[in-house]
Amino acid sequence: MTSIEALTLEVADTTAAHRFYTALGLDEHVNLRASDAPTTGFRGFSLSLTFSQPADVRGFVDAALAAGATALKPVSKSFWGYGSVFRAPDGTIWKIATSAKKDTAPATGRIDQMVLLLGTASVTASKRFYVEQGLTVAKSFGSKYVEFDTQGSPVKLALYGRRALAKDVGVPVDGTGSHRIALVGDSGAFTDPDGFGWEAASLTSAP
């Protein structure tokens, strides 16, 4: 396995979710399918979008809130840049950020990168598991954070401690039940140590 080919979000209302993601221009970035699998609290992952400058972050977050998202962290500056966190109506947590602190041009709305951050019980154990599946480590900060080289994949995969990830996105760490997400790769189906399921590309449903 060398890449994530697609992401499938499992939602209670596919029509409402499709409306939300289409409003944000994300309907080509995520697949949707219906699910009533029980889930409570933090689902153990977040999706991040990076942009080139603050104007793009502000515009995207404003559009998300107008479409029904709930702010978890308002747009603000920090030592690392500029960003915000919101929860989509289907429950998925999104972090929107840029490393730039000032605008240098009009907003374009262009997404520079999409990152899936999995909150793990053990970054070390999950790192070992994914290396055994064929992924190559691009960045590693001991037992704190790992980023994989997913080559031409539309989604970058990274690992973070579950508690640290929950703190980063501004939610309590507790959560039970389904993650409500499936990762689609270029190899067979499997489940990682934290219960995140991977599927073969042939099982992917269109948005």
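Residues numbered from 1 in each chain as written. Predicted model: local features only at pLDDT ≥ 70, side-chain atom pairs only at ≥ 80, totals over all residues. Heavy atoms only, no water.

## A closer look at the pattern of salt bridges
Moving on, step 1. The tally for this structure, following the rule as stated, stands at six salt bridges.
Moving on, step 2. Arg 58 is the salt-bridge partner of Asp 103, the closest N and O atoms lying 2.8 Å from each other. Separated by 45 residues along the polypeptide, Asp 103 in the loop between strand E7 (93-98) and strand E8 (113-120) and Arg 58 in helix H2 (residues 54-66) bring together distant segments of the chain.
Moving on, step 3. The partner of Asp 168 in a salt bridge is Lys 95, and the shortest N-O contact between them spans 2.9 Å. Taken together, the residues Asp 168 in helix H4 (residues 162-169) and Lys 95 in strand E7 connect sequence positions 73 residues apart.
Moving on, step 4. Through salt bridges that share partners, Glu 10, Arg 33 and Glu 199 make up one connected network. (Salt bridge = Lys/Arg side-chain N within 4 Å of Asp/Glu carboxyl O. Helix = DSSP H or I, 4+ residues; strand = E, 2+ residues; numbered from the N terminus.)

## As for the pairing of strand E2 (residues 31-34)
Moving on, step 1. Of the pairings in the sheet, the one linking strand E1 (residues 4-11) to E2 comprises four bridges and is parallel in character. When the sheet's bridge partners are listed, Val 11 is paired in E2 with Ala 34.
Moving on, step 2. Following the backbone out of E1, through helix H1 (residues 14-23) and into the adjacent parallel E2, one traces a crossover that is right-handed. (Pairing = 2+ DSSP bridges. Right-handed = clockwise from strand over helix to strand, strands pointing away.)

## Observations concerning the packing of aromatic side chains
Moving on, step 1. Within the structure shown, the criterion is met by 12 aromatic pairs.
Moving on, step 2. Taken together, the aromatic side chains of Phe 129, Tyr 130, Phe 148, Phe 190 and Trp 198 make up a single cluster linked through ring pairs.
Moving on, step 3. Taking the ring centre of Trp 80 as reference, the NZ or CZ of Lys 95 above it sits at 5.3 Å. (Phe/Tyr/Trp six-rings, centres within 6.5 Å; stacked < 30°, edge-to-face > 60°. Lys NZ or Arg CZ within 6 Å of the ring centre and 35° of its normal.)

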